[in-house]
There are 2 protein chains.
Amino acid sequence: MQAEIIAVGTEMLLGEITDTNSPYLARQLAQLGIDIYYQETVGDNPQRITALLQQASQRSDLVILSGGLGPTADDVTKRTVAEFLHQPLVTNAQAKEKLTATAARLQHALTPNNLVQAQLPAGGEPLPNRTGLAVGSWNVMQGTIYVTLPGPPQEFKPMVSEQLIPRLAQHTHKVLASTMLRFYGLTESVIATKLAPLIDAQTNPTIAIYYQFPDIAVRVTAQAADHAAAEQLVAPVAAQVKDLLGDAYYGTGEHGSLAQVVGQQLIARHLTITAAESLTAGEFQASLGTVSGISAVFPGGFVTYAPAQKTAMIGVPAATIKQYGVVSRETAAAMAEGARAKVGTDYALGFTGVAGPDTLEGQPAGTVFIGLAGPQGTTVQEFHLLGSRNEVRARAVAWGFKMLQNALKN
Amino acid sequence: MQAEIIAVGTEMLLGEITDTNSPYLARQLAQLGIDIYYQETVGDNPQRITALLQQASQRSDLVILSGGLGPTADDVTKRTVAEFLHQPLVTNAQAKEKLTATAARLQHALTPNNLVQAQLPAGGEPLPNRTGLAVGSWNVMQGTIYVTLPGPPQEFKPMVSEQLIPRLAQHTHKVLASTMLRFYGLTESVIATKLAPLIDAQTNPTIAIYYQFPDIAVRVTAQAADHAAAEQLVAPVAAQVKDLLGDAYYGTGEHGSLAQVVGQQLIARHLTITAAESLTAGEFQASLGTVSGISAVFPGGFVTYAPAQKTAMIGVPAATIKQYGVVSRETAAAMAEGARAKVGTDYALGFTGVAGPDTLEGQPAGTVFIGLAGPQGTTVQEFHLLGSRNEVRARAVAWGFKMLQNALKN
């Protein structure tokens, strides 16, 4: 099966947004063994979209359009696809109901434009949009499948993985299995060097390294006659990869994040957590907050940006700050211990350091101390992190989760 | 002048890397008033690249290829373009000298593959590569310009701004000016409806609406003989757009964010801020932390996830929580007032609500109360926000900034 992706949106041709949907979709299609020879980007222009559809119909079995399903006048994708398929647009009852209910809840009047979002070309199947209002569509004409999906990534990506890929899996007979192993704390070139002998020796499974800030992910993919056989090929090689990269491994999954993995571990083991954050300004706790159900183990914590608040909120001795400095091993330890005592949790993290761009107390941007207080006592690690202000903060947060995960192993 | 961008690289078709070069180039071309109707991505395959070149030669005046100029066997772009132009590849002396010097410095032997990087189609002009080794090219055939540029962004981007754009500026006479206005708090369809009469009436300037979660941005673009004249066309229409959308306006800029805009306002006016966050779990404070220099006005704050911590950390009366519930107007007010009293700031925000996916105290996901305590007293707003757990949290944070910005107006 040969596929073609058409991203619709003048804002992409103007360079105002970067298309991350197409790479996401391409990865998923590659997993199914579906080849992509062309991707196009085109503006919200019916003539030019039609020209691409005509071209695609002659060389592809699957044509996926993203974007242009919204409520504004320049959202022309569905109308254009319907005309190309010689079909009228029809309203999908479920999508209309969702639109109506949402408008009622938000106390907005439904405009005619809004209702267009519930339509799809007649003769097709709706692709429900769990996280948004514009319904997608799946139509077949002369053996070619035409799919429309909404442009916003938070709608597009769930629809690809939950709606499109399961349907496509029935249309293809190549069977692939793959696993995505996630690592934090090693650079891409160190991982490439450690895995080089293994990568060179392998043809099935194959091994690919992906840099997905701040993680490095390693995908092991095998092809076989059925899924179980493919998985049996993947498993031993995945184990070898984990062995070679040691402690940097933190979890497995397409969209893993340290916060999710470690948060779930805390919930499963009923271990409570708090934090006192200086340079990260609440980002560690905000990441914890993304984990559904975290309230069972996370009562709250502190953002202690100013030195005086480190003392006032969590009792870091002013003398410690004066003697060792805010950015020090001792202050990080006192922050973790102070937060833990104040909230009464099993574990507590203290983050202090220099996010940049300027130096602080003579320490360069990227200097970070993280304290971890727990039932076994307090440890502090010193880091020298790379990147912009926000990259340093994100890496510090990830190291906090990694320290916590390592402590949970013991 | 009509341009077309062809990104070459199988790794993009597999979704292994995201093409950030094309948006970068598109933005620069748009500034010159060069229209782009199509962008394509194609693999490292001479036949398919040739097919795209043939198609492009019939509809575009400028065809820019990126990628595939490197030293490996699958770097076929320059060879393919040369064949399409019926020209041999010739070696550029300066590029060869740079290659030879670099190889000597790194103590590598120069392979024939390496030397390909110094070649370009005969009859063309070299585009020097300041940050890398592969020379770019500029050839003209039958009135159409063909440009090749290397794929690595750290080479591509400087070559675009330093080599390509200055050359193109001589070829075009259109001058554009544009401004991007940023709004928060209205839906895309409400904005479209309010602006519809203006959009319909305008041809120069043009008005376009962009959804950039959680913002809505509106771009006003005008074309004129010189930049000052174009800006004079933009200004009154931008003012009309702001008037029509009222309080939702928060700032102007390509990459604005509420946190940056409001954070800078606080810093400029020496007004201090703190927060107590429940459903947002530190995300408001973490967003504040992205603003360079924010430590001057942000001493710290609280994540009060559990009801008991609302009482322990910031003195929210247990009776208030018991009588009105955690998710209530009264608790939001008490959180803001408690945090403000504890830290002694000019302003304080209190966030409480239901991030979801589950209901809380019988309230549906998306129900949020935000309290703002300040010198003029305390106000609370109730919201019913749409989306996933993380979208609800992000929208709540943005509303917190918007409430604060509105308060600063008075």
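Treat the numbers as computed from the prediction; the structure is a model and nothing was measured. (Residues numbered from 1 in each chain as written. Chains lettered and ligands numbered in written order. Predicted model: local features only at pLDDT ≥ 70, side-chain atom pairs only at ≥ 80, totals over all residues. Heavy atoms only, no water.)

## Examining the overall build of chain A
Check the secondary structure of chain A and you find 15 helices and 17 strands. By the burial criterion, 54% of the 410 residues in chain A qualify as buried. Accessible surface computed for chain A: about 16,200 Å², of which carbon and sulfur atoms make up 52%. Of the charged side chains in chain A, 27 are positive and 32 negative, and the gap between their average positions amounts to 6 Å. (Helix = DSSP H or I, 4+ residues; strand = E, 2+ residues; numbered from the N terminus. Buried < 20%, exposed > 50% of the residue type's maximum accessible area, 1.4 Å probe, protein only. Areas by Shrake-Rupley, 256 points an atom, 1.4 Å probe, with all protein chains shown as cover. Lys, Arg positive; Asp, Glu negative; His and termini not counted. Charge placed at Lys NZ, Arg CZ, Asp CG, Glu CD.)

## Here's the deal with the domain arrangement of chain A
By domain assignment, chain A separates into domain 1 (2-169), domain 2 (175-252) and domain 3 (261-409). Using C-alpha coordinates to define each centre, domain 1 of chain A is positioned 43 Å away from domain 3 of chain A. (Domains from an automatic or database assignment.)

## What to know about the pattern of salt bridges
Side chains bearing opposite charge may pair, as long as their charged atoms lie close to each other. Residue and element names in this part refer to chain B. Tallied over the full model, the rule gives 17 salt bridges over all chains. A salt bridge links Arg59 to Glu40, with the nearest nitrogen and oxygen atoms 2.8 Å apart. Here Arg59 is found in helix α3 (residues 46-59), whereas its partner Glu40 is found in strand β2 (residues 35-42), with 19 residues between them in sequence. The salt bridge partner of Arg182 is Asp215, with a shortest N-O separation of 3.3 Å. In this pair, Arg182 sits in strand β9 (residues 175-183) while Asp215 sits in strand β11 (residues 215-224), placing the two residues 33 residues apart along the sequence. For Arg182, a relative accessible area of 3% translates into the label buried. When its relative accessible area of 4% is taken as the criterion, Asp215 is described as buried. (Salt bridge = Lys/Arg side-chain N within 4 Å of Asp/Glu carboxyl O.)

## Let's talk about the pairing of strand β16 (residues 367-374) of chain B
Residue and element names in this part refer to chain B. For β16, the tally of buried residues reaches 8 of 8 residues, placing the bulk of the element in the interior. Residues Thr367, Phe369, Gly371 and Ala373 of β16 are buried on one face, and the alternating residues Val368, Ile370, Leu372 and Gly374, pointing to the opposite face, are buried as well. Relative to β16, strand β15 (residues 347-353) runs antiparallel, the two sharing 6 bridges. From the neighbouring strand, Leu349 faces β16, where its bridge partner is Leu372. A loop of 2 residues connects β16 with strand β17 (residues 377-384), the two strands running antiparallel in sequence. (Pairing = 2+ DSSP bridges.)

## Quick word on the packing of helix α8 (residues 188-201) of chain B against helix α9 (residues 227-245) of chain B
All names here are of chain B. Running from N to C, α8 and α9 cross one another at 140°; their axes reach a closest spacing of 10 Å. The angle between α8 and α9 places the two elements in the oblique class. As α8 runs across α9, the sense of the crossing is right-handed. On α9, the residues that touch Ile191, Lys194, Leu195 and Leu198 of α8 are Gln240, Val241, Leu244 and Leu245. (Axes fitted to C-alpha atoms, helices over the stretch in contact; angles between N-to-C directions. Parallel < 35°, antiparallel > 145°, perpendicular 65-115°, else oblique. Left-handed = near helix turned anticlockwise from the far one by under 90°. Contact = heavy atoms within 4.5 Å.)

## Examining the interface of chain B and chain A
Of the residues lining the interface, 69 residues belong to chain B; the matching set on chain A comes to 65 residues. When residues of chain B are sorted by the area they lose upon contact with chain A, Leu13(B), Tyr38(B) and Tyr305(B) head the list and together hold 10% of the total. In this structure, the connection of chain B to chain A is made through 1 salt bridge. Close ionic contact of Glu16(A) with Arg219(B) constitutes a salt bridge, the shortest N to O distance being 2.3 Å. Taken together, the links from chain B to chain A amount to 24 residue pairs in polar contact (both at pLDDT 80 or more). (Buried area = accessible area lost by both parts, 1.4 Å probe. Polar contact = N/O pair within 3.5 Å; in protein donor to acceptor, adjacent residues only side chain to side chain.)

## So, the UniProt feature "domain: MoaB/Mog" (unreviewed entry) in chain A
UniProt annotation of "domain: MoaB/Mog" (unreviewed entry) refers to residues 4-171 of chain A when read in the numbering used here. Taken end to end, residues 4-171 of chain A comprises 43% helix and 23% strand; its first and last C-alpha atoms sit 16 Å apart. (UniProt positions renumbered as here; feature names shortened; annotations may be inferred.)

## As for the packing of helix α12 (residues 307-314) of chain A against helix α14 (residues 329-343) of chain A
Residue and element names in this part refer to chain A. Axis separation between α12 and α14 bottoms out at 9 Å; the angle between their running directions is 30°. By the angle between their directions, the pair α12 and α14 is classed as roughly parallel. Classified by chirality, the crossing of α14 by α12 is left-handed. Contacts between α12 and α14 involve Lys310, Met313 and Ile314 from the former and Thr331, Met335, Gly338, Ala339 and Lys342 from the latter.

## Some thoughts on the side chain of Ser278(A)
Position of Ser278(A) relative to the elements: it lies in the loop between β13 (273-277) and α11 (283-289). Sequence-distant contacts of Ser278(A), defined by excluding residues within four places in its chain, comprise Thr304(A), Tyr305(A), Lys310(A), Met335(A), Phe351(A) and Thr352(A).

## Focus: the environment of Leu176(A)
Residue and element names in this part refer to chain A. Here Leu176 lies in strand β9 (residues 175-183). Judged by its relative accessible area of 16%, Leu176 is buried. Counting along the chain gives 46 residues from Leu176 to Ala222, while the straight-line C-alpha distance between them is 5.7 Å. The contacts of Leu176, once residues within four sequence positions are left out, are Ala30, Gln31, Leu32, Gly33, Thr221, Ala222, Gln223, His227 and Ala230.

## Quick look at the packing of aromatic side chains
For any two aromatic rings, the description comes down to two numbers: the centre-to-centre distance and the angle of the planes. Residue and element names in this part refer to chain A. In the structure shown here, the tally under the stated rule is 15 aromatic pairs over all chains. Here Phe183 and Tyr249 contribute two aromatic rings whose centre-to-centre distance is 5.7 Å and whose plane-to-plane angle is 65°, an arrangement assigned as edge-to-face. In this pair, Phe183 is assigned in strand β9 and Tyr249 in strand β12 (residues 249-252), connecting sequence segments 66 residues apart. Residue Phe183 is classed as buried on the basis of its relative accessible area, which comes to 1%. (Phe/Tyr/Trp six-rings, centres within 6.5 Å; stacked < 30°, edge-to-face > 60°.)

## Concerning the sheet that holds β9(A)
Residue and element names in this part refer to chain A. Strand order in the open sheet formed by 4 strands is β10-β11-β9-β12, and the pairing between neighbours is antiparallel. Of all the strands in the sheet, just β10 (206-212) and β12 have a single pairing partner and so form its edges. Strand-to-strand twist in this sheet, taken as the mean axis angle between neighbours without regard to direction, amounts to 25°. Strand direction decides the pairing type here: β9 and β12, joined by 3 bridges, are antiparallel. Note that in β12 the partner of Phe183 across the bridge is Tyr249.

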